[in-house]
Amino acid sequence: RNNVLEFVAGGDPLAVEARSLPSVVRLGNEVRLFYSKPSDDFRFEVEQSRALGTGDWTRDGVSPERYDPGSGLFYQAAPISIEDEKKFLRLKLIRH
């Protein structure tokens, strides 16, 4: 568990709260990474890659940030296709 990430995402690092931790859901032809809105000093960007290497991460094809009223969480989505044997997402924390 990363206390800084949990704090920035609106959670309490001293309490066990599953809602403040990011989660991934596949819906149709996309995979969505859900998260709580960061504090005003930070923002999140989702990046995708077909491998866990250091140089293959990109935002190409990743949606802008969207809000899901059903869950009360924000998310960004990356497309997936039949050619994607693997798809990795990472949540990048950016300070304003």
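Residues numbered from 1 in each chain as written. Predicted model: local features only at pLDDT ≥ 70, side-chain atom pairs only at ≥ 80, totals over all residues. Heavy atoms only, no water.

1. Considering the overall build of the protein chain
- Looking only at helices and strands, one finds one helix and six strands in the protein chain.
- Taken from N to C terminus, the helices and strands of the protein chain fall in the order α-β-β-β-β-β-β.
- Looking at the protein chain as a whole, 33% of its 96 residues qualify as buried.
- A fraction of 57% describes how many contacts in the protein chain between residues 6 or more apart in sequence connect residues 24 or more apart.
- When the accessible surface of the protein chain is totalled, it reaches about 6,300 Å², and 52% of it is carbon and sulfur. (Helix = DSSP H or I, 4+ residues; strand = E, 2+ residues; numbered from the N terminus. Buried < 20%, exposed > 50% of the residue type's maximum accessible area, 1.4 Å probe, protein only. Contact = heavy atoms within 4.5 Å. Areas by Shrake-Rupley, 256 points an atom, 1.4 Å probe, with all protein chains shown as cover.)

2. Some points on the environment of Ser-49
- Counting through the fold element by element, Ser-49 comes out in strand 3 (residues 42-49).
- Separated by 39 residues in the primary sequence, Ser-49 and Phe-88 have C-alpha atoms spaced 5.2 Å apart.
- With near-sequence residues (within four places) excluded, Ser-49 lies in contact with Asp-56, Trp-57, Lys-86, Lys-87 and Phe-88.

3. Description of the pairing of strand 3
- Of all eight residues in strand 3, seven are buried; the element is thus mostly enclosed.
- With eight bridges connecting them, strand 3 and strand 6 (residues 88-95) associate as antiparallel partners. Across the sheet, residue Glu-45 finds its bridge partner in strand 6, namely Lys-92. (Pairing = 2+ DSSP bridges.)

4. Focus: the pairing of strand 2 (residues 30-35)
- Along strand 2, six of the six residues are buried, which leaves the element largely enclosed by surrounding structure.
- Of the two faces of strand 2, the one carrying Glu-30, Arg-32 and Phe-34 and the one carrying Val-31, Leu-33 and Tyr-35 are both buried.
- Pairing analysis gives five bridges linking strand 1 (residues 23-27) to strand 2, with the strands arranged antiparallel. Paired with Ser-23 across the bridge in strand 2 is Phe-34.

5. Notes on the nonpolar core
- Val-31, Leu-33, Tyr-35, Phe-44, Val-46, Val-62, Phe-74, Ala-78 and Ile-80 together form the largest nonpolar core, which totals nine residues.
- If you list the elements that add at least two residues to this core, you get strand 2, strand 3 and strand 5 (73-79).
- Residue contributions to this core peak at three residues, all from strand 2.
- Non-local contacts of Val-62, meaning those with residues more than four positions away in its chain, are made with Val-46, Gln-48, Gln-76, Ala-77 and Ala-78. (Core = buried A, V, L, I, M, F, W, Y, C linked by side-chain atoms within 4.5 Å.)

6. A word on the pattern of salt bridges
- This model, assessed by the stated rule, comprises seven salt bridges.
- Note that Lys-87 and Asp-84 form a salt bridge whose closest N and O atoms lie 3.7 Å from each other.
- Since its relative accessible area comes to 15%, Asp-84 is described here as buried.
- When salt bridges with common partners are traced through the structure, they connect Glu-47, Arg-90 and Lys-92 into a single cluster. (Salt bridge = Lys/Arg side-chain N within 4 Å of Asp/Glu carboxyl O.)

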